[in-house]
Amino acid sequence: YQSDISPQERLIHPAVRLYFIDDGKIFLKQRNPDDRSDSMLWDASVSRQVRMTESIEGALKGFTQKLYHVKPVKFLFLTQYIYRGKFSDQYIYLYVLCTSEKLQPQEGELFRTKWWTQKQIEAELSSGVFTERFEKEYEFLKRSGLLEQDGCNCECALKDMMETSYDRIKFS
């Protein structure tokens, strides 16, 4: 973390974030009580900085398999944006994995996980239950239409639409 460096001097770290979506629900993890930032808040299923020797998809695949024992064939890329946090800045690559496969969270690696409905999420928005990044990304997930489908096919026409329009959507 770079808490003692001014925001103008911070380095931007690449990070990957992933949401599992199934039947209009989002699978979230609760951050560990000992996390330096956002402890105990609900966040993306996968959220990880990318190491210098890793590719974006390699980091995403490896960490997804480690945390949930899932071997995804194809991720759906939604967008990329810069997040300016309290301790560090991140260049985030945001993905979705549509799955009805039973997830197997790795014991000892995750504090708590849960499938959330849109109604549950809407009732808790801005209450301090979710991370700031999740609340921003949830709005994007809603606008994408992925939460309105009974299931999703990551090779659908939506993918083409998202790839051509992601650069018009800005997060601050």
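Residues numbered from 1 in each chain as written. Predicted model: local features only at pLDDT ≥ 70, side-chain atom pairs only at ≥ 80, totals over all residues. Heavy atoms only, no water.

Asks: What is the right way to read the overall build of the protein chain from this model?
Replies: What the protein chain contains, in helices and strands, is four helices and seven strands. Going from N to C terminus, the protein chain has its helices and strands arranged as β-β-β-β-α-β-β-β-α-α-α. Per-residue burial for the protein chain yields a buried fraction of 45% across its 172 residues. The contacts of the protein chain with a sequence gap of at least 6 include a subset with a gap of at least 24, amounting to 67%. Counting every atom, the protein chain has about 9300 Å² of accessible surface; 47% of that belongs to carbon and sulfur. (Helix = DSSP H or I, 4+ residues; strand = E, 2+ residues; numbered from the N terminus. Buried < 20%, exposed > 50% of the residue type's maximum accessible area, 1.4 Å probe, protein only. Contact = heavy atoms within 4.5 Å. Areas by Shrake-Rupley, 256 points an atom, 1.4 Å probe, with all protein chains shown as cover.)

Asks: Whenever I open this one, the pattern of salt bridges confuses me. Can you help?
Replies: Pairing is possible between side chains that carry opposite charge, provided their charged atoms lie close to one another. A full pass over the atoms with the stated rule returns twelve salt bridges. Here Asp-89 and Arg-84 are joined by a salt bridge, their closest N and O atoms 3.0 Å apart. The class for Asp-89 is buried, based on a relative accessible area of 2%. Owing to a relative accessible area of 49%, Arg-84 belongs among the partly exposed residues under this scheme. Its salt-bridge partner being Glu-132, residue Lys-136 comes within 3.6 Å of it at the nearest N-O pair. Here Lys-136 pairs with Glu-132, and both are found in helix 3 (residues 132–144), just four residues apart, close to one helical turn. Several salt bridges converge on common partners, so that one network encompasses Arg-17, Arg-31, Asp-35, Asp-43 and Glu-137. (Salt bridge = Lys/Arg side-chain N within 4 Å of Asp/Glu carboxyl O.)

Asks: Any chance you could explain the environment of Gln-49 here in plain terms?
Replies: Examined against the element boundaries, Gln-49 turns out to sit in strand 4 (residues 46–49). Expressed as a C-alpha distance, the spacing of Gln-49 and Arg-17, which sit 32 residues apart in the sequence, is 8.8 Å. Not counting residues within four places of it along the chain, the set of residues in contact with Gln-49 comprises His-13, Pro-14, Ala-15, Glu-54, Ser-88 and Gln-90.

Asks: Just to check I follow, could you spell out the confidence of the model for the protein chain for this structure?
Replies: Any residue range with low pLDDT should be treated as having predicted coordinates unsuitable for detailed reading. Looking at the protein chain, pLDDT values average 83 and 80% of them are 70 or higher. Mean pLDDT across the elements of the protein chain bottoms out in helix 4 (residues 157–165) (41) and peaks in strand 3 (residues 42–43) (97). In the predicted structure, residues 155–172 sits below a pLDDT of 50 and forms 24 contacts with residues beyond four places in sequence or in another chain. (pLDDT = per-residue confidence, 0-100.)

Asks: Even after reading the chapter, I still don't get the packing of aromatic side chains, so can you show me in this structure?
Replies: For any pair of aromatic rings, the description rests on two quantities: the centre-to-centre distance and the angle between the ring planes. Summed over all chains, the structure comprises twelve aromatic pairs. On the basis of an interplanar angle of 70 degrees and a centroid distance of 6.2 Å, the ring pair of Phe-20 and Phe-27 is categorised as edge-to-face. For the pair Phe-20 and Phe-27, a shared accessibility class is recorded, and that class is buried. Centroid distance Phe-20 to Tyr-68: 5.0 Å. Interplanar angle 85 degrees. Geometry classified as edge-to-face. Of this pair, Phe-20 sits in strand 1 (residues 12–22) while Tyr-68 sits in helix 1 (residues 56–68), and the two are 48 residues apart along the sequence. The class for Tyr-68 is buried, based on a relative accessible area of 0%. One Lys or Arg, Arg-48, reaches over the ring of Phe-63 and ends 5.1 Å from the middle of that ring. The ring of Trp-116 has Lys-114 sitting right over it, with the charged end atom 4.0 Å from the ring centre. (Phe/Tyr/Trp six-rings, centres within 6.5 Å; stacked < 30°, edge-to-face > 60°. Lys NZ or Arg CZ within 6 Å of the ring centre and 35° of its normal.)

Asks: Which parts of the structure should I look at to understand helix 3?
Replies: Residues spaced three or four apart along an α-helix face the same direction, because each turn holds 3.6 residues. Helix length check: helix 3 (13 residues) gives 19 Å between terminal C-alpha atoms against 18 Å at 1.5 Å per residue, within 8%. Of the positions making up helix 3, those classed as buried are Arg-133, Phe-134, Glu-137, Tyr-138, Phe-140, Leu-141 and Ser-144. Seen along its axis, helix 3 keeps its buried residues to an arc of 170 degrees; they face one direction. (Expected span 1.5 Å × (residues − 1). Arc of directions from axis to C-beta.)

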